[in-house]
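The residues making up each chain are set out below.
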Amino acid sequence: MSHNLLQGKRGIIFGALNDMSIAWKVAEQAVEEGATITLSNTPMAIRMGDVEALGKQLNAKVIAADATSVEDLQKVFEESVDALGGKIDFVLHSIGMSPNVRKKRRYDDLDYNMLEKTLDISAISFHKMLQVAKKMDAIAEYGSVVALSYVAAQRTFFGYNDMADAKSLLESITRSFGYIYGREKCVRINTVSQSPTITTAGSGVKGMDNLMDFSDKMSPLGNASADECASYCITLFSDLTRKVTMQNLYHDGGFSSMGMSLRAMNQYSKGLEEYTDENGNIIYG
Ligand SMILES: NC(=O)c1ccc[n+]([C@@H]2O[C@H](COP(=O)([O-])OP(=O)(O)OC[C@H]3O[C@@H](n4cnc5c(N)ncnc54)[C@H](O)[C@@H]3O)[C@@H](O)[C@H]2O)c1
C-alpha cells in the first residue's frame with residue numbers, strides 16, 4: 001500500500017542483482033511510493049542478473065558502473081540527474097563483496113590484495129560515491145543517502161571474515177562524511193544494519209542457514225526480511241526523518257540488544273559437544 005512518501009523525489013539505487021536483492025525491493029517500493037529512479041550495477045551483474053528487467057518494470061534507466069571507479073560514479077550521477085530531470089533526493093548503496101570469502105580464505109590467512117578489493121568494493125566505494133556527488137553538487141538539500149551494514153561491524157561473527165572490517169569502515173565513513181555533507185549541504189547519511197537475509201551476497205557467508213536460524217531465535221521480533229528492510233529505507237529517504245544523520249540504525253528484530261533468549265538457550269543445550277575433525281582434533285569455531 002502506497003503512502004506517497006517519496007512523491008516527486010529522484011533516486012539512484014545501486015546493487016539490485018535479482019529479485020532476492022535488498023536493493024531490488026527498495027527500488028520497487030521507492031517507485032510505488034512515487035519516486036522516479038535510476039538503477040546501477042556492474043556491467044557483469046547487468047549481463048548475468050535481472051536488472052534490465054527491473055529497469056523495464058519500473059521505467060528506470062540502468063547505468064553500468066563499477067562502484068570502485070570514480071569515473072564510472074561520475075557517469076552515474078551525471079546521467080541520473082539528466083534522466084530524472086534534477087538533483088538527486090536519495091541514494092542507496094547496497095554493494096558488498098569479499099574475494100577472500102569467495103575463495104574461502106580464513107581471517108588468519110587473508111590474501112591482502114583480496115582484502116584491498118573487499119574494502120574498496122564494500123566500503124571505500126561509499127566514500128567515492130559521496131565525494132563524487134558532493135563535488136558535482138548532485139544531491140538536493142536534505143537528500144538522504146543510505147548504505148547497508150551488518151552487526152559484525154561491532155561484534156565478531158564466525159565466518160563473516162574481512163567483511164566485518166569493511167562494514168566497520170563503511171559505518172565510520174557514514175559518520176565522517178555525514179558531518180561534512182550535513183554541515184555544508186544538509187545531506188544526511190546513515191547505515192541500516194540488517195538481519196541476515198537470503199540473497200546472492202548473503203549465501204556467501206559461511207554457515208548462513210545456521211546463522212539465520214540462530215539470529216531468528218535470538219531476536220524477539222525474528223529476522224527482518226528484505227522487504228521489511230526496504231520499507232525502513234523508504235522512511236529514511238522520506239521527509240519524515242529529516243534530522244536523522246550519521247547513524248547506524250539496527251533493523252534486526254532486536255537481535256543487537258539481546259544477550260541470550262530462551263529459544264536460543266534451549267537450542268544450544270541440545271548440542272554442547274566440542275567440534276572435532278575426522279582425527280578427533282578440536283576445531284575452534
Ligand atoms: N544478505 C544479508 O544477509 C545482509 C545482511 C546485512 C547487510 N547486507 C548488505 O546488503 C547489501 C546488499 O547485499 P544483498 O544481500 O542484497 O546481496 P546482492 O548479492 O543481491 O547484492 C550485492 C550487490 O553488490 C553488487 N556489487 C558487487 N561488486 C560491485 C562493484 N564493484 N560495483 C558495483 N556493485 C557491485 C553486486 O552486483 C550485487 O548487486 C550489501 O552491502 C550486504 O553486505 C546483507
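Residues numbered from 1 in each chain as written. Predicted model: local features only at pLDDT ≥ 70, side-chain atom pairs only at ≥ 80, totals over all residues.

(A) Main features of the overall build of the protein. In terms of regular secondary structure, the protein is built from 10 helices and seven strands. For 285 residues, the compact-globule estimate of 2.2 N^0.38 gives 19 Å, and the protein sits close to it at 19 Å. Seen through its C-alpha atoms, the protein measures out along the principal axes to roughly 65 × 40 × 40 Å. Split into buried and exposed, the 285 residues of the protein put 44% on the buried side. (Helix = DSSP H or I, 4+ residues; strand = E, 2+ residues; numbered from the N terminus. Rg over C-alpha atoms; globule rule 2.2 N^0.38 Å. Buried ≥ 20, exposed ≤ 12 C-beta atoms within 10 Å, placed from the backbone.)

(B) Representation of the site of the ligand within the structure. Around the ligand lies a shell of 26 residues, among which Ser21, Gly96, Thr199, Ala201 and Gly202 are the nearest. Elements represented by at least two residues in the shell around the ligand include exactly helix H1 (22–32) and strand S5 (139–149). A breakdown of the residues in the shell around the ligand according to their chemical character gives 12 nonpolar, 13 polar and one charged. (Near = placed C-beta within 6 Å. Nonpolar A, V, L, I, M, F, W, Y, C, P; charged D, E, K, R; others polar.)

(C) Structural view of the sheet that holds strand S1 (residues 10–14). Ordered by their spatial adjacency, seven strands build an open sheet running S3-S2-S1-S4-S5-S6-S7, and the pairing between neighbours is parallel. Two strands lie at the open edges of the sheet, namely strand S3 (61–64) and strand S7 (248–251), each paired on one side alone. Across the sheet, the mean angle from the axis of one strand to that of its neighbour is 20°, orientation sign disregarded. With five bridges connecting them, S1 and strand S2 (residues 36–41) associate as parallel partners. Opposite isoleucine 13, over in S2, you have leucine 39 as the bridge partner. Of the strands in this sheet, S1, S2, strand S4 (88–93), S5 and strand S6 (188–194) touch H1, which is tilted by about 165° from S1. Contacts from helix H9 (residues 226–237) reach S1, S4, S5, S6 and S7 within the one sheet, and its direction differs from that of S6 by about 165°. (Pairing = 2+ DSSP bridges. Axes fitted to C-alpha atoms, helices over the stretch in contact; angles between N-to-C directions. Contact = placed C-beta atoms within 7 Å.)

(D) Inspection of the environment of phenylalanine 177 at higher detail. Note that phenylalanine 177 resides in helix H7 (residues 163–185). According to the C-beta neighbour criterion, phenylalanine 177 is buried, with 21 such atoms within 10 Å. The residues touching phenylalanine 177, leaving out its near neighbours within four places in the chain, are His127, Leu130 and Ile189.

(E) Broad picture of helix H8 (residues 208–218). Among the residues of H8, those classed as buried are Phe214, Ser215 and Met218. Down the axis of H8, the buried side of the element spans an arc of 95°, and every buried residue falls inside it. (Arc of directions from axis to C-beta.)

(F) Main features of H7. Taking 1.5 Å of rise per residue, the 23 residues of H7 would be expected to cover 33 Å, and the 31 Å separating its terminal C-alpha atoms lies within 8% of that figure. By the largest-angle criterion, glycine 178 marks the main kink of H7, which is about 30°. By the burial criterion, the buried members of H7 are Met163, Ala164, Asp165, Ala166, Lys167, Leu170, Glu171, Ile173, Thr174, Phe177, Gly178 and Tyr181. Those residues of H7 that are buried lie in contact with helix H5 (99–102), helix H6 (112–136), S5, S6 and S7. Just beyond H7, the residue with positive phi is cysteine 186, at close to 55°. (Expected span 1.5 Å × (residues − 1). Bend = angle between axes of the 7 residues up to and from the residue.)

(G) The arrangement of the nonpolar core in detail. Of all hydrophobic cores here, the largest spans 73 residues; its most connected members are Ile13, Ala27, Ala30, Ile37 and Cys233. Those residues in contact with isoleucine 13 that lie beyond four places of it in its chain are Ala23, Val26, Ala27, Ala30, Ile37, Leu39 and Leu92. (Core = buried A, V, L, I, M, F, W, Y, C linked by C-beta atoms within 7 Å.)

(H) How the structure looks around the packing of H6 against H7. Axis separation between H6 and H7 bottoms out at 8 Å; the angle between their running directions is 10°. Taken together, the axis directions place H6 and H7 in an arrangement best described as roughly parallel. Only Met163, Asp165, Ala166, Leu169, Leu170, Ile173, Phe177, Tyr181 and Lys185 of H7 make contact with H6, whose side of the interface consists of Thr118, Leu119, Ser122, Ala123, Phe126, His127, Leu130 and Lys134. (Parallel < 35°, antiparallel > 145°, perpendicular 65-115°, else oblique.)

(I) Layout of unusual backbone geometry. Backbone geometry places lysine 104, a non-glycine residue, at a positive phi of 60°. A positive phi angle, close to 50°, is found at aspartate 137, a residue other than glycine. Within the secondary structure, aspartate 137 sits in the loop between H6 and S5. By C-beta crowding, aspartate 137 is classed as exposed, having 11 other C-beta atoms within 10 Å.

(J) Quick look at the environment of serine 231. By secondary structure assignment, the location of serine 231 is in helix H9. With 16 C-beta atoms counted inside 10 Å, the residue serine 231 sits in the partly exposed group. As for serine 231 and valine 26, which are separated by 205 residues in sequence, their C-alpha atoms are 7.2 Å apart.

Shape is all these values report; function is a separate question.
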